[in-house]
Amino acid sequence: MDENQQPAPRWVEIEFDCLPLRTVQRLDVPLDASPRFEAFVLRVKQAIQEHGVMNTYYLHNARCTFHFTNDPNRGMVQFKFEGTVFTDSTDTSTISCHLDVQPDGETCDWLNEAVVRWLAESVRHALVVEFDRYIQAGDLSKTQQRLEQIQAESDAAEGFLGMYL
């Protein structure tokens with residue numbers, strides 16, 4: 001980009017907290033947990049039961065905002081979402097995601113129900129692109145080293161690693 005060009009506007013903004021499911025050590029709910037934290041633990045537990053822990057990431061505190069005009073007070077639609085992202089066996093590319101997507105605000109008075117459904121589906125597609133960017137921003141050499149260590153441990157244990165790695 002030359003010095004006269006301005007950065008391209010971000011038409012889609014995505015933010016999330018990411019929990020690699022392989023890092024989850026315990027699935028029991030602490031006795032003093034708030035109802036909100038208890039519900040979160042149970043959702044993570046369900047994600048592990050449904051999808052396993054290898055190459056899976058649980059996203060929470062997540063939002064996706066679409067901008068349809070250059071004025072945030074007109075033409076913005078926001079969704080909150082939570083769910084699991086799946087990567088390839090080397091953790092270098094996003095394969096798909098399983099998300100619960102809910103509308104969370106808008107400044108777009110021309111919305112209709114069909115458009116909201118289409119945008120909710122678009123959150124999933126936008127997240128796959130953004131999660132690839134998230135992966136690329138990380139230290140891929142550390143990921144590769146971790147995968148090699150897991151493979152070595154698996155080989156040493158004759159292919160059995162256990163559930164919580």
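All figures in this text were calculated on a predicted structure; none of them were measured in a lab.

K.L.:
Let's hear about the nonpolar core: which residues, and what values?
P.N.:
Ranked by internal contacts, the top residues of the largest apolar core, which has 22 residues, are F79, F81, V123 and L127. Elements supplying a minimum of two residues to this core: β1 (12-20), β2 (56-71), β3 (74-87), β4 (94-106) and α2 (113-137). In terms of residues, this core owes the most to one element, α2, which gives seven residues.

K.L.:
Can you tell me about the layout of surface pockets, naming the residues and giving the values?
P.N.:
Computed from the structure, the largest pocket encloses a volume of approximately 600 Å³. Lining of the largest pocket is provided by 22 residues; of these, R43, Y58, H60, F81 and E82 occupy positions nearest its centre. Where the lining of the largest pocket is concerned, the elements lending two or more residues are α1 (35-51), β2, β3 and β4. Take the lining of the largest pocket: its biggest share by element is eight residues, from α1.

K.L.:
Tell me about α2, residues and numbers included.
P.N.:
With 25 residues, α2 extends 36 Å between its outermost C-alpha atoms, agreeing within 8% with the 36 Å of an ideal straight helix rising 1.5 Å per residue. Backbone nitrogen of A114 and a side-chain oxygen of the N-cap are separated by 3.1 Å at the start of α2; the cap is N112.

K.L.:
Describe the sheet that holds β2, with residues and values.
P.N.:
With antiparallel pairing, four strands are arranged side by side in an open sheet as β1-β2-β3-β4. In the strand order of this sheet, the two ends are held by β1 and β4, each with one partner. Taken pair by pair, the neighbouring strands of this sheet meet at an average axis angle of 20°, ignoring direction. Against the sheet, α1 engages β1, β2, β3 and β4, with an angle of about 105° to β2. Running over the sheet, α2 touches β1, β2, β3 and β4 and is turned about 130° from β4.

Conventions and cut-offs
Residues numbered from 1 in each chain as written. Predicted model: local features only at pLDDT ≥ 70, side-chain atom pairs only at ≥ 80, totals over all residues. Heavy atoms only, no water. Core = buried A, V, L, I, M, F, W, Y, C linked by side-chain atoms within 4.5 Å. Buried < 20%, exposed > 50% of the residue type's maximum accessible area, 1.4 Å probe, protein only. Helix = DSSP H or I, 4+ residues; strand = E, 2+ residues; numbered from the N terminus. 1 Å grid on protein atoms, 1.4 Å probe; cavity = no way out; pocket = protein on both sides within 12 Å on 5 of 7 lines; lining within 4 Å. Points joined across faces, edges and corners; volume = space filled by probe spheres on them. Expected span 1.5 Å × (residues − 1). Polar contact = N/O pair within 3.5 Å; in protein donor to acceptor, adjacent residues only side chain to side chain. Pairing = 2+ DSSP bridges. Axes fitted to C-alpha atoms, helices over the stretch in contact; angles between N-to-C directions. Contact = heavy atoms within 4.5 Å.

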